[in-house]
Amino acid sequence: MDEAAYEALAFPELKRLVNALDGIEDDRLECELSGDILSLCFDDDVEYVINSHRAARQIWMAAERTAWHFDWTGEAWVAAKTGDELWSTVERVLKNKLGGSVTLARD
């Protein structure tokens with residue numbers, strides 16, 4: 001995939017993620033998209049980061065002492081090493097951090 005095609009996929013995906021995360025009504029979580037870096041900041045000073053990695057043509061995520069490198073499969077962003085899908089991974093780590101059920105609206 002060339003850089004233009006990657007950017008046409010990755011940045012809108014980060015934008016959709018931040019919009020979905022903004023829909024979570026929990027005062028313990030704040031989200032901010034700055035350029036191609038999405039920061040999820042918690043009230044206990046823990047931060048998760050999801051970002052575009054242009055050189056690798058991947059979306060990277062760091063949370064809970066774990067890192068994922070998601071590749072575009074033509075249908076979804078999937079981590080080749082684990083088979084984890086981006087959105088379900090974000091939901092899972094948020095559920096672990098915040099407790100309860102977390103479902104992100106995929107617009």
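Preceding this section is the structure that the text describes.
Residues numbered from 1 in each chain as written. Predicted model: local features only at pLDDT ≥ 70, side-chain atom pairs only at ≥ 80, totals over all residues. Heavy atoms only, no water.

Participant: I keep staring at the packing of aromatic side chains and nothing clicks. Help me out?
Facilitator: The relative placement of two aromatic rings is captured by the distance of their centres and the angle of their planes. Going through the model one piece at a time under the given rule, you end up with three aromatic pairs. A ring pair is formed by Tyr6 and Trp77, whose centres lie 6.1 Å apart and whose planes are at 85°; its orientation type is edge-to-face. Note that Tyr6 is positioned in helix α1 (residues 3–22) and Trp77 in strand β6 (residues 77–79), a separation of 71 residues in sequence. A ring pair is formed by Trp72 and Trp77, whose centres lie 5.4 Å apart and whose planes are at 55°; its orientation type is tilted. Among the aromatic side chains, those forming a connected cluster through ring pairs are Tyr6, Trp72 and Trp77. In this structure, Lys97 is placed above the aromatic ring of Phe42, and the distance from its NZ or CZ to the ring centre is 5.4 Å. (Phe/Tyr/Trp six-rings, centres within 6.5 Å; stacked < 30°, edge-to-face > 60°. Helix = DSSP H or I, 4+ residues; strand = E, 2+ residues; numbered from the N terminus. Lys NZ or Arg CZ within 6 Å of the ring centre and 35° of its normal.)

Participant: Honestly, the side chain of Ser52 in this entry has me stumped. Any pointers?
Facilitator: With respect to the helices and strands, the residue Ser52 is situated in strand β3 (residues 47–53). The class for Ser52 is buried, based on a relative accessible area of 10%. Here Tyr6 takes part through its side chain, which lies 2.7 Å from a polar atom of the side chain of Ser52. (Buried < 20%, exposed > 50% of the residue type's maximum accessible area, 1.4 Å probe, protein only. Polar contact = N/O pair within 3.5 Å; in protein donor to acceptor, adjacent residues only side chain to side chain.)

Participant: Would you mind showing me how to read the pairing of β3 here?
Facilitator: Side-chain direction in a regular strand flips from residue to residue, so the side chains alternate between the two faces of the sheet. Of the pairings in the sheet, the one linking strand β2 (residues 37–42) to β3 comprises five bridges and is antiparallel in character. Pairing of Leu38 across the sheet is with Ile50, part of β3. The turn joining β2 and β3, which pair antiparallel and follow one another in sequence, is formed by four residues; a positive phi near 70° is taken by Asp45. With five bridges connecting them, β3 and strand β4 (residues 58–63) associate as antiparallel partners. (Pairing = 2+ DSSP bridges.)

Participant: What is the right way to look at the pattern of salt bridges in this model?
Facilitator: The final tally for this structure, using the stated rule, is six salt bridges. Where salt bridges share partners, they join Glu7, Asp36 and Arg54 into one cluster. (Salt bridge = Lys/Arg side-chain N within 4 Å of Asp/Glu carboxyl O.)

Participant: Sorry, what's going on with the sheet that holds β6 here?
Facilitator: In sheet architecture, strand pairing relies on hydrogen bonds along the backbone and comes in two forms, parallel and antiparallel. With respect to topology, six strands assemble into an open sheet ordered β1-β2-β3-β4-β5-β6, the strand pairing being antiparallel. Each having just a single partner strand, β1 (29–34) and β6 make up the two edges of the open sheet. On average, each strand axis in the sheet is tilted by 20° relative to the strand beside it, whichever way the strands run. Direction of pairing for strand β5 (residues 66–72) relative to β6: antiparallel, over a ladder of three bridges. Counterpart to Trp72 in the pairing with β6 is Trp77. (Axes fitted to C-alpha atoms, helices over the stretch in contact; angles between N-to-C directions.)

Keep in mind that these numbers describe shape and distance, not what the molecule does.
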